[in-house]
Amino acid sequence: MLSSQIPSADVALITAGPHIKAVTNYKQVSRTLEEFDVEEQPSSVLEEKFPNLTIIHSAVKSLHTKSHCVETADGRVFGYKKLCICSGARPKLLTQDNPYVLGIRDTDSAQEFQKRLSKAKRIVIVGNGGIALELVYEVEGCEVIWAVKDKAIGNTFFDAGAAQFLIPSLEADKPQAAAPCKRPRYTTEEAAPGGSHTFTADRSSQAYGHGPTDSGSALGPDWHEGIALRGAEQVSRRVSVEYQCEVEKIFTSEVLHKSPQQTLRTECGDWPVYVRLTNAKTFGCDFVVSATGVVPNTEPFLQGNTFVVADDGGLQVDDHMMTSEPDVYAAGDVCTACWEQSPLWQQMRLWTQARQMGWYAGRCMAAHSLSEPVELDFCFELFSHITKFFNYKVVLLGKFNGQGLGPDHELLVRCTKGQEYVKVVLSGGRMVGAVLIGETDLEETFENLILNQMDLTPYGEELLNPDIDIEDYFD
Ligand SMILES: Cc1cc2nc3c(=O)[nH]c(=O)nc-3n(C[C@H](O)[C@H](O)[C@H](O)COP(=O)(O)OP(=O)(O)OC[C@H]3O[C@@H](n4cnc5c(N)ncnc54)[C@H](O)[C@@H]3O)c2cc1C
Ligand SMILES: NC(=O)C1=CN([C@@H]2O[C@H](COP(=O)(O)OP(=O)(O)OC[C@H]3O[C@@H](n4cnc5c(N)ncnc54)[C@H](OP(=O)(O)O)[C@@H]3O)[C@@H](O)[C@H]2O)C=CC1
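Residues numbered from 1 in each chain as written. Chains lettered and ligands numbered in written order. Predicted model: local features only at pLDDT ≥ 70, side-chain atom pairs only at ≥ 80, totals over all residues. Heavy atoms only, no water.

Quick look at unusual backbone geometry now. For A280, which is not glycine, the phi torsion reads 75° and is therefore positive. Along the chain, A280 turns up in the loop between β16 (273–277) and β17 (282–285). Unusually for a residue other than glycine, F390 sits at a positive phi of about 50°. Tracing the backbone through its elements, the reader meets F390 in the loop between β23 (384–389) and β24 (392–398). (Helix = DSSP H or I, 4+ residues; strand = E, 2+ residues; numbered from the N terminus.)

This is how it looks when you write it as structure tokens:
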């Protein structure tokens, strides 16, 4: 964005990763919903496209905001007039430095996971967000114990109703793989080697590194397509969900050998590692996946500077994506949006928002350099996200889980088992959010209804009457 907005300026992209990921096949689905692919491209492709762009492959070691320069791991120093920090985030692991606890973020950590999984008979997945939802559905040939803090699955994206709709998909066989995704996989130079419910259906373990040099880009959508997520057993999918519990303790078999708890070993079998949950159950397993959220990658930038950091560890940015340090902007997972937000938008660390923030930060940097005014982009008016869980298309709009609305809201739900789940959040008779699972075709109409804040009281429950073509009606 920056390169195209000010062709006369020298723009440098400094990255610790070996590849550049570029947005391709961008499609504006509706006013705020968008879909796009992300492809790895050689630096030369971007540099040819933008003659004013230079790509530097080295990690930033330190930032000196007073003297306006950054130092890279290979000892070079680059001065800047304006800087945007887009260093992403890393997994917030349950415990650091435990060789049996893995996080998944980038290509290397995904490959390490795949390698360890290929020899595993049982794994424990902790967390109830995006990565856990993807893994429990995709992993085959290995028993999965899924420990979630909540009463229902997928708390970061869904309410209990949607979770109920999705759960039968864990029991059923996966549909035959669709046509292979045309998008190039996220590969490095070497190709990747090939109350409880039960549903049957060498790099070191610090698989995710913490230093700036070993942090690659986050994987993003479809990362598991084209890589086999298969364990060592002949079973298909077998997931047991342990609800409303957290991890109390993780200990290895050596600890068990030395402890007087031999009975535990007899009960749980002989495993490399054991996880004790707060529901008093202990599971032995081959390894644990900590899918417990992310923490912004701010370290190399903080030392010696006076950034204001938000409670979640992100660099605070204002409505021009500016941090508290002069001439320093931030975008994507590393930042925390601290402007007065639209009542229908919230930050979530997602690919879509990273693209939108990066794009808008580029516009702001260019406008400020040219002393031009710039207004907060329209994309921050309404939260919108399209994704896929359990092979269903999922669209989330606005306050899709009634976030921040308190008890003062109403829900309308329409559900056809195995086909669609539609939930609308109404506040004062106006639509403020929606969850659409399946091919509902309602996203554009609902987006409009949310944006125009029309009083829907007269329609009542008819709003979700499947016999009314609501799209036609509101057109
Ligand atoms: C497994 C997985 C699946 C996901 N699936 C989805 C999905 O389906 N939909 C969705 O919307 N989002 C998804 N996400 C989230 C999405 O990938 C992130 O929100 C998004 O990539 C954030 O973009 P970013 O540019 O801020 O950070 P990143 O993509 O993490 O990029 C940060 C970049 O900064 C570089 N870097 C870090 N530190 C330094 C340094 N000191 N010096 C130089 N360079 C540095 C890194 O090498 C990297 O290239 C997923 C994430 C994961 C981990
Ligand atoms: N399709 C998509 O859109 C996908 C998006 N992503 C994104 O990638 C990033 C990483 O994904 P992920 O790691 O799943 O993060 P998420 O933020 O999606 O989910 C983290 C989950 O872990 C829970 N949690 C946090 N700490 C603990 C703990 N100590 N014990 C047990 N549970 C805990 C959280 O609960 P609580 O919320 O109560 O804190 C939450 O349920 C996120 O930004 C996510 O949005 C990832 C995969 C797919």
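Following the structure, the description resumes.
This part covers the packing of aromatic side chains. Across all of its chains, the model carries 15 aromatic pairs by this definition. Summarising the aromatic geometry, the rings of W339 and W345 are spaced 5.5 Å apart at their centres and angled 20° between planes, so their arrangement reads as stacked. Neither residue differs from the other here; W339 and W345 are each classed as buried. Put simply, the rings of W339, W345, Y360 and F380 pair up and form one aromatic cluster. If you follow K249 out to its NZ or CZ, it ends over the ring of F251, 5.4 Å from the centre. In this structure, R355 is placed above the aromatic ring of F36, and the distance from its NZ or CZ to the ring centre is 5.8 Å. (Phe/Tyr/Trp six-rings, centres within 6.5 Å; stacked < 30°, edge-to-face > 60°. Buried < 20%, exposed > 50% of the residue type's maximum accessible area, 1.4 Å probe, protein only. Lys NZ or Arg CZ within 6 Å of the ring centre and 35° of its normal.)

With that settled, consider the UniProt feature "domain: FAD/NAD(P)-binding" (unreviewed entry) in the protein. Per the UniProt record, the feature "domain: FAD/NAD(P)-binding" (unreviewed entry) sits at residues 21–139 and 275–358. Secondary structure content for residues 21–139 is 23% helix and 39% strand, and the end C-alpha separation is 26 Å. With 14% helix and 27% strand, residues 275–358 has end C-alpha atoms that lie 40 Å from one another. (UniProt positions renumbered as here; feature names shortened; annotations may be inferred.)

It is worth spelling out the nonpolar core at this point. In this structure, F113 and W146 are the most contacted members of the largest nonpolar core, which totals 79 residues. The element contributing the most residues to this core is helix α10 (residues 351–369), with 6 residues. Within the second largest apolar cluster, 23 residues are counted, among which are L33, L344, V425 and A434. (Core = buried A, V, L, I, M, F, W, Y, C linked by side-chain atoms within 4.5 Å.)

Considering all chains together, one arrives at 19 salt bridges under this definition. For the salt bridge of R230 with E140, the shortest nitrogen-to-oxygen distance reads 3.6 Å. Across the pair R276 and E248 runs a salt bridge whose closest N-O atoms are separated by 3.6 Å. Of this pair, R276 sits in strand β16 while E248 sits in strand β15 (residues 247–252), and the two are 28 residues apart along the sequence. A single salt-bridge network, built from bridges that share partners, covers E112, K115 and R116. (Salt bridge = Lys/Arg side-chain N within 4 Å of Asp/Glu carboxyl O.)

Among the 21 residues in the neighbourhood of ligand 2, the closest are listed as I131, N155, R349, H385 and T387. At 3.1 Å from an oxygen atom of ligand 2 is found a main-chain nitrogen or oxygen belonging to G130. When ligand 2 is considered free in solution it has 890 Å² of accessible area, and contact with the protein chains removes 77% of it. Of all the secondary structure elements, the ones that give two or more residues to the shell around ligand 2 are α4 (130–138) and β23. Each residue belonging to the shell around ligand 2 can be placed in one class, and the counts come to 8 nonpolar, 10 polar and 3 charged. (Near = heavy atom within 4 Å. Polar contact = N/O pair within 3.5 Å; in protein donor to acceptor, adjacent residues only side chain to side chain. Areas by Shrake-Rupley, 256 points an atom, 1.4 Å probe, with all protein chains shown as cover. Nonpolar A, V, L, I, M, F, W, Y, C, P; charged D, E, K, R; others polar.)

Empty space within the second largest cavity amounts to approximately 30 Å³. Every residue along the wall of the second largest cavity is listed here: G332, D333, Q347, M348, R349, L350, Q353, A354 and M357. For the lining of the second largest cavity, a count of residues per class yields 4 nonpolar, 3 polar and 2 charged. (1 Å grid on protein atoms, 1.4 Å probe; cavity = no way out; pocket = protein on both sides within 12 Å on 5 of 7 lines; lining within 4 Å. Points joined across faces, edges and corners; volume = space filled by probe spheres on them.)

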